[in-house]
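Coordinates in review
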Amino acid sequence: MADDPLVLAGERFHSRLIMGTGGAPGLDILERALVASGTELTTVAMRRVDPRMHGSVLDVLSAHGIRVLPNTAGCYTAAEAVLTAQLAREALGTNWIKLEVIADERTLLPDPLELVDAAEQLIDDGFVVLPYTNDDPVVARRLERLGCAAVMPLGSPIGSGLGIRNPHNIDLIVEQSQVPVILDAGIGTASDAALAMELGCDGVLLASAVTRAREPARMAEAMRRAVQAGRLAHLAGRIPRRWYAQASSPRDGRATVG
Amino acid sequence: MADDPVSVTVNGEPRQVAMSATIADLVAAMSTAGSGIAVAVNDEVVPRGRWPSRRLHDRDRVEILTAVQGG
């Protein structure tokens, strides 16, 4: 599928699977999972330095040529998200940001008002904004019109593994969007990732489904194949759903008995 | 007088630093990582190039961040 790249803000990616790094029990396990996933773009969070910390997720990413995508995870207001994005740009030398502004700890659902506010400020400041948003086509349209480089609707709450709860809304977002649509959050297993791609999403972003799987590297490979399979199925065009059976063998020429 | 301590907050913790201390000194004390770090003072990013010359003032709120696993 080398001839079918994901193009984000003019950059080409041969993998349509964007990985997160949260939840992995250790950097070595994370590293094996990232390699197995085939990802070329992977998120990190920005946190206060810990003087006791040794080994960095950044070393893992650079060792494998994986582009870093900082996020604003844990931000509750536009002001927090904007400062975190600016710090990420300074620390990591990238103006790309996965914009995440959450409403509460229990659901981790995006706060659409703060999200739109932050997106506007960051776009004005020269960022390439990839917003994590609700599966709401109206908010997605607002984000696209502001100039976001993609829209990233959730399938279900972060880390829930509940899959895509409202495929119809994802369908509507795909239909209306001129920028890439990345299904972000809620993926539980490979079939969820395949469904996202079959619905016409341009990519999938996931972390927990791999990092918290019993065997992260094996699940990462499953996700890589699921994203590819779903993409191929989408391009190939599924058959329409029918209420009754439709024989695939010809009716004529059957043997008769008696 | 020149080296009287000033009271600042670093990553949420109160801290006394010498009046002559710069952001560069503070970062060196907090982390051995040579890159991947950013600093904000009073909610404004201080670019790395200004760390050696930017001194700390009383009641400055300093945030020193790096990338960790997440998202």
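Structural notes, computed from the coordinates. (Residues numbered from 1 in each chain as written. Chains lettered and ligands numbered in written order. Predicted model: local features only at pLDDT ≥ 70, side-chain atom pairs only at ≥ 80, totals over all residues.)

Right, let's talk about the pairing of strand β7 (residues 128-133) of chain A for a bit. All names here are of chain A. Among the six residues that make up β7, five are buried, leaving the element largely enclosed by the rest of the structure. By the bridge criterion, four bridges tie strand β6 (residues 96-99) to β7 in an arrangement that is parallel. Bridging across to β7, Lys98 finds its partner in Leu130. With helix α4 (residues 112-124) bridging β6 and its parallel neighbour β7, the resulting β-α-β unit is right-handed. Examined bridge by bridge, β7 and strand β8 (residues 152-153) share two bridges and lie parallel to one another. The residue of β8 that forms the bridge with Thr133 is Pro153. Following the chain from β7 across helix α5 (residues 137-146) to the adjacent parallel β8, one finds a crossover that is right-handed. (Buried ≥ 20, exposed ≤ 12 C-beta atoms within 10 Å, placed from the backbone. Helix = DSSP H or I, 4+ residues; strand = E, 2+ residues; numbered from the N terminus. Pairing = 2+ DSSP bridges. Right-handed = clockwise from strand over helix to strand, strands pointing away.)

Phi is positive for Leu108 of chain A, close to 55 degrees, though the residue is something other than glycine. Residue Leu108 of chain A is classed as partly exposed on the basis of its C-beta count, with 18 C-beta atoms lying within 10 Å. Non-glycine residue Asn42 of chain B carries a positive phi angle of around 50 degrees. Looking at the element boundaries, Asn42 of chain B is found in the loop between β3 (37-41) and β4 (44-46). In this structure Asn42 of chain B comes out as exposed when scored by C-beta crowding, with 12 C-beta atoms within 10 Å.

In this section: the interface of chain B and chain A. The interface of chain B with chain A comprises 21 residues on the first partner and 28 residues on the second. Broken down by secondary-structure element, the contributors of at least two residues to the side of chain B that touches chain A are β3 and β5 (61-69) of chain B. For the side of chain B that touches chain A, the element with the highest residue contribution is β5 of chain B, accounting for seven residues. Considering only residue class, the side of chain B that touches chain A consists of 11 nonpolar, seven polar and three charged. Alignment of strand β4 (residues 41-48) of chain A against β5 of chain B, held across five bridges, turns out to be antiparallel. Within β5 of chain B, the position partnered with Ala45 of chain A by the bridge is Val68 of chain B. (Contact = placed C-beta atoms within 7 Å. Nonpolar A, V, L, I, M, F, W, Y, C, P; charged D, E, K, R; others polar.)

All names here are of chain A. Across its 15 residues, helix α3 (residues 78-92) extends 21 Å between first and last C-alpha, which sits within 8% of the 21 Å expected from 1.5 Å per residue. Counting buried positions along α3 yields 12 of 15 residues, so the element is predominantly enclosed. Among all positions of α3, only Ala78, Ala81, Val82, Leu83, Thr84, Ala85, Gln86, Leu87, Ala88, Arg89, Ala91 and Leu92 are buried. One or two positions beyond α3, positive phi appears at Gly93, with a value near 65 degrees. (Expected span 1.5 Å × (residues − 1).)

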